[in-house]
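Results of the structural survey
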Amino acid sequence: MAVSEESQHLKRENIRSLSMCGHVGFESLPDQLVNRSIQQGFCFNILCVGETGIGKSTLINTLFNTNFEEHEASHFCPNVRLRAQTYELQESNVRLKLTIVNTVGFGDQINKEESYQPIVDYIDAQFEAYLQEELKIKRSLFNYHDSRIHVCLYFIAPTGHSLKTLDLLTMKNLDSKVNIIPVIAKADTISSELQKFKIKLMSELVCNGVQIYQFPTDDDTIAKINAAMNEQLPFAVVGSMDEVKVGNKMVKARQYPWGIVQVENENHCDFVKLREMLICTNMEDLQEQTHIRHYELYRRCKLEEMGFTDVGPENKPVSVQETYEAKRHELHGERQRKEEEMKQMFVQRVKEKEAILKEAERELQAKFEHLKRVHQEERLKLEERRRALEEEMIHFSKRKSSCDIFLNQSFMASGSNIKKDKDRKNPNFM
Amino acid sequence: MEPLRRPLSPCSSRPSSPRSPPCETSVSVGIEAVLDQLKIKAMKMGFEFNIMVVGQSGLGKSTMVNTLFKSKVWKSSLPGLATPTPQTLQLHSVTHVIEEKGVKLKLTVTDTPGFGDQINNDKCWDPILGYINEQYERYLQEEILITRQRHIPDTRVHCCVYFVPPTGHCLRPLDIEFLQRLCRTVNVVPVIARADSLTIEEREAFRSRIQEDLRNHCIDVYPQKCFDEDINDRILNSKIRERIPFAVVGADREHLVNGRCVLGRKTKWGIVEVENMAHCEFPLLRDLLIRSHLQDLKDITHNVHYENYRVVRLNESHLLPRGPGWVNLAPASTQQLTTPAPLKVRRRVQEDPKDEF
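Everything numeric in this text was worked out from a predicted model, so none of it was measured.

Broken down by element type, chain B carries nine helices and 10 strands. Considering only intrachain contacts with a sequence separation of at least 6, the fraction spanning at least 24 residues in chain B is 69%. Taken as a whole, chain B presents about 18000 Å² of accessible surface, with 55% of it coming from carbon and sulfur.

Right, here's the structure in full:
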């Protein structure tokens, strides 16, 4: 069925199928591709979401068989933080740059309303960084360290009942941004009720419309195994780096007084299935889905937010240039308007200030006039009094001079009398 | 009321660089399996390869393409009397899908009949450059759409094989002009066409003169020295660079030689075996183009030539007074882009400090 579709597609594009009469040699093309990828190295980013102490770090250690340095996280964080660490692993000739992002403090707060927001913000920030790099003029995408999250392992607590509300809320917010693989953590605490628990979980997820990652079933080589694994979701896992002797081998296991839970035993838990699905079979597909689906969705939303569209209002294709042009005009117009406004405000203020100053000037002038007048009046008054005084002085001096003359006359007339008087006076003295 | 958004985590949102050296996983985790996953995906999607052959008529371009892909890519390699030599340069593309051992290859071959055939060959490279830039433009327009296709169809020319006529002297002015302009835009592999008219000594002398000409005019043909990533690449590519341009002979008829059926040209004085290294260097060309460097050709086209084109296109309005970040993406006229800016050579990985002396 797929073949005839393809040949129809080729016919439409006017492409002939050609048969060769000899060995050309391009069957090495996949090998050339693989060689280049080996040279470049691979990159894989895992996000672990789950409550503190649910076993995220242990599981990652067990998955990659390496003790990544992590110390126990505290339960008292005020809000959820994300901590990312990158490790370089090498297996034969394949180099893998593995980034583990852990949520610290998830589910520890009393009010968990905002718990999922830092996670969503982190994922968006990675998409944004990639988008910025892609939109640059001089870009270097071929050696860009891809930090977008390829898979989110969601750790569900093994209560045996159902999903917690926090889990449902978080997964609903994350399912359109990242590939979610739910796992039941610490699965050694539920063993007999496991199947019922799984069914309950899946039905809850489906009822609430949460889209978890489905392993791809379109390629024949892996379709069967992927389909079988899809049935087994969520995987019930147990993590442990401790080795215990079972039989005559050392295996990774957890030792209890009542028995030993072997991590890599398929009867005990689904760890092997998780490892196989996550790493061996579908790593490439996870990366592809992240790029083709989640990243493209983010990019489309972001660009549409900024005002770009492919199709204009009359359903005619709009080029990016037109949108830019329109946006630029808009911003330019706005700027001009703002400039005008500011200019007018400035002019008005100046006018007001001028009026005030003029008013003050007038007042001062009035005061000055007033004072001058008062001063004048006073002076006049003083002048008058001086004149009056002078007149009096003249009058007085006239009277004095006339008096003197009179006295002289009378002295001449009775000069002796005065002498006698004088003598009479003198003996009194002696 | 909108709830307060918490600030991003205090550590940088890009993960920190690894502090420890790469750890070897002691027990196999299965990371190797990603190589198989890649292969499966590649086989399912198929490969694309676009090749362009440029040269004067009668140099054996069509025959060469037929010999390379061992099939009748062109319906007839000899121009019949009915089709006169074109008066102007035309570009003629055919696309085929060929399959070998499960690997599907979509091959597009572009021929340029009429190149260098006119009396005045000035600017005969313009239509070719225009075509190459048009393919880049098409890819760019697809890439900047809001809703992009899953897999953008790649019609960009990955390799241009230039046929040098076997004069035996040196490169002609037309060759030099063309190569200078083209090597900045696309990967160019020059070959000496119809090499059966030269003896081995003449061939070697011609080759060294051509190499000298290429050096003197700063023509950087594929494989470019500046893109060698490590010492292995350099050794491998130096061997190839010593033999560029390959002296090739094309043939699509089979003859019997010593009981074997080989492709060759039958002449009165012997049979020129195409795939015999002692006779001509066709196997080297085939190995370079198909068996070893096909992916590399595509990578350099995508990472270097296409990026250079994109930078030029996005910067085109730098002469106009625009603000920063202005991107003028109106479809360009071919006139503007036929003489591209000087090649900004970039390395894929960090430069090897030992290189610079």
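The subject of this paragraph is the nonpolar core. Membership of the largest hydrophobic core comes to 91 residues, with the highest contact counts inside it found for F26 of chain A together with F69, F115, I128, L182 and L289 of chain B. For this core, the leading source of residues is helix 3 (residues 126–143) of chain B, giving seven residues. Excluding residues that lie within four positions of it along the chain, L289 of chain B makes contacts with F49, I51, L68, C159, V161, L294 and L297 of chain B. One finds F44, V120, I181 and L274 of chain A within the second-largest nonpolar core, a separate group that totals 87 residues.

This paragraph deals with helix 1 (residues 33–45) of chain B. Between the first and last C-alpha of helix 1 of chain B there are 19 Å, a value that for 13 residues agrees with the 18 Å anticipated at 1.5 Å per step. Along helix 1 of chain B, the residues classified as buried are A33, V34, L35, Q37, L38 and A42 of chain B. Those residues of helix 1 of chain B hidden inside the fold are in contact with helix 2 (29–40), strand 2 (42–49), strand 4 (94–104), helix 8 (271–281) and helix 9 (283–305) of chain A together with strand 2 (47–54) of chain B.

Turning next to the confidence of the model for chain A. Looking at chain A as a whole, the pLDDT averages 84, with 87% of positions reaching at least 70. The lowest-confidence element of chain A is helix 1 (residues 2–12) of chain A, averaging 53 in pLDDT; the highest-confidence one is strand 5 (residues 151–156) of chain A, averaging 92.

On to a nonpolar patch on the surface. A cluster of nonpolar side chains, contributed by F346, V347 and V350 of chain A, occupies part of the molecular surface with about 280 Å² of accessible area. Looking at where F346 of chain A falls in the secondary structure, it is placed in helix 10 (residues 320–413).

Turning next to the side chain of R275 of chain A. Its location among the elements puts R275 of chain A in helix 8. Residue class for R275 of chain A comes out buried when judged on its relative accessible area of 16%. There is a polar contact of 3.3 Å between the side chain of R275 of chain A and the side chain of E264 of chain A. Discounting chain neighbours no more than four positions away, the residues touching R275 of chain A are L63, E264 and C280 of chain A together with V29 of chain B.

Interhelical geometry of helix 2 of chain A versus helix 8 (residues 294–314) of chain B gives an angle of 55 degrees and a closest axis separation of 8 Å. With respect to their mutual orientation, helix 2 of chain A and helix 8 of chain B come out oblique. Of helix 8 of chain B, the residues touching helix 2 of chain A (which contributes L29, Q32, L33 and R36 of chain A) are L294, Q295 and D299 of chain B. Here the contact of helix 2 of chain A with helix 8 of chain B is composed, by residue class, of three nonpolar, two polar and two charged.

Time to look at the environment of D175 of chain A. Residue and element names in this part refer to chain A. On the secondary structure map, D175 appears in the loop between helix 5 (165–174) and strand 6 (180–184). Looking at D175, the relative accessible area reads 11%, which means it is buried. Counting along the chain gives 122 residues from D175 to G53, while the straight-line C-alpha distance between them is 24 Å. With near-sequence residues (within four places) excluded, D175 lies in contact with I180, G209, V210, Q211 and H294.

Taken as a whole and judged by the stated rule, the model has 41 salt bridges over all chains. Its salt-bridge partner being D31 of chain A, residue K39 of chain B comes within 3.3 Å of it at the nearest N-O pair. Placement of K39 of chain B in helix 1 and of D31 of chain A in helix 2 is noted, with the two residues assigned to different chains. Each of K70, E275, R286, D287 and R291 of chain B takes part in a single network of salt bridges with overlapping partners.

What follows is about the sheet that holds strand 9 (residues 260–267) of chain B. All names here are of chain B. Within the open sheet, the three strands sit side by side as 8-9-10. Their pairing is antiparallel. This sheet does not close on itself; its edge strands, each paired only once, are strand 8 (254–257) and strand 10 (270–273). Ignoring which end each strand starts from, the neighbouring axes of this sheet average 70 degrees apart. The pairing of strand 9 with strand 10 spans four bridges and is classified as antiparallel. If you follow T267 over to strand 10, its bridge partner there is G270.

Rules used in this analysis
Position labels on residues start from 1 in each chain and follow its written sequence. As they are written, the chains are lettered A onward and the ligands numbered 1 onward, keeping that order. Residue-level local features of this predicted model are given only where pLDDT is at least 70; pairs of side-chain atoms are given and counted only at 80 or more, and the full residue set underlies all totals for whole chains, interfaces and linings. Side-chain numbers come from the whole structure's heavy atoms, not from hydrogens or water. Secondary structure elements are defined from DSSP: runs of H or I of at least 4 residues count as helices, runs of E of at least 2 residues count as strands, and each element is numbered from the N terminus. Residue contacts are defined here by distance: any two heavy atoms, one from each residue, within 4.5 Å place the two residues in contact. Shrake-Rupley sampling with a 1.4 Å probe provides the accessible areas, and residues are treated as covered by the protein chains on show and by no other component. Put simply, buried Ala, Val, Leu, Ile, Met, Phe, Trp, Tyr and Cys residues joined by side-chain atoms within 4.5 Å make one nonpolar core. Note on classification: 1.4 Å probe, protein chains only; a residue is buried when its accessible area is under 20% of the maximum for its type, exposed when over 50%, partly exposed between these limits. For a helix, the expected span equals 1.5 Å multiplied by the number of residues minus one. Confidence of the predictor at the level of single residues is captured by pLDDT, which takes values from 0 to 100. For patches, a residue must show more than 30% relative accessible area and have no salt bridge; joins then use 9 Å for like charges and 5 Å for nonpolar side chains, namely Val, Leu, Ile, Met, Phe, Trp and Tyr. Salt bridge, as used here, is a side-chain nitrogen of Lys or Arg placed within 4 Å of a carboxyl oxygen of Asp or Glu. Identification of polar contacts relies on pairs of N or O atoms within 3.5 Å, with a donor-acceptor requirement for protein atoms, meaning one able to donate a hydrogen and the other able to accept it, and with residues adjacent in sequence counted only if both atoms are side-chain atoms. For helices, the fitted axis covers only the stretch in contact; all axes are lines through C-alpha atoms, and the angles between them, taken along N-to-C directions, range from 0 to 180 degrees. Should an angle fall under 35 degrees it is taken as roughly parallel, and over 145 as roughly antiparallel, whereas 65 to 115 is taken as roughly perpendicular and any remaining angle as oblique. For this classification, the nonpolar set comprises Ala, Val, Leu, Ile, Met, Phe, Trp, Tyr, Cys and Pro, the charged set comprises Asp, Glu, Lys and Arg, and every other residue, Gly included, is treated as polar. At least two bridges found by DSSP between two strands are what make those strands a pair.

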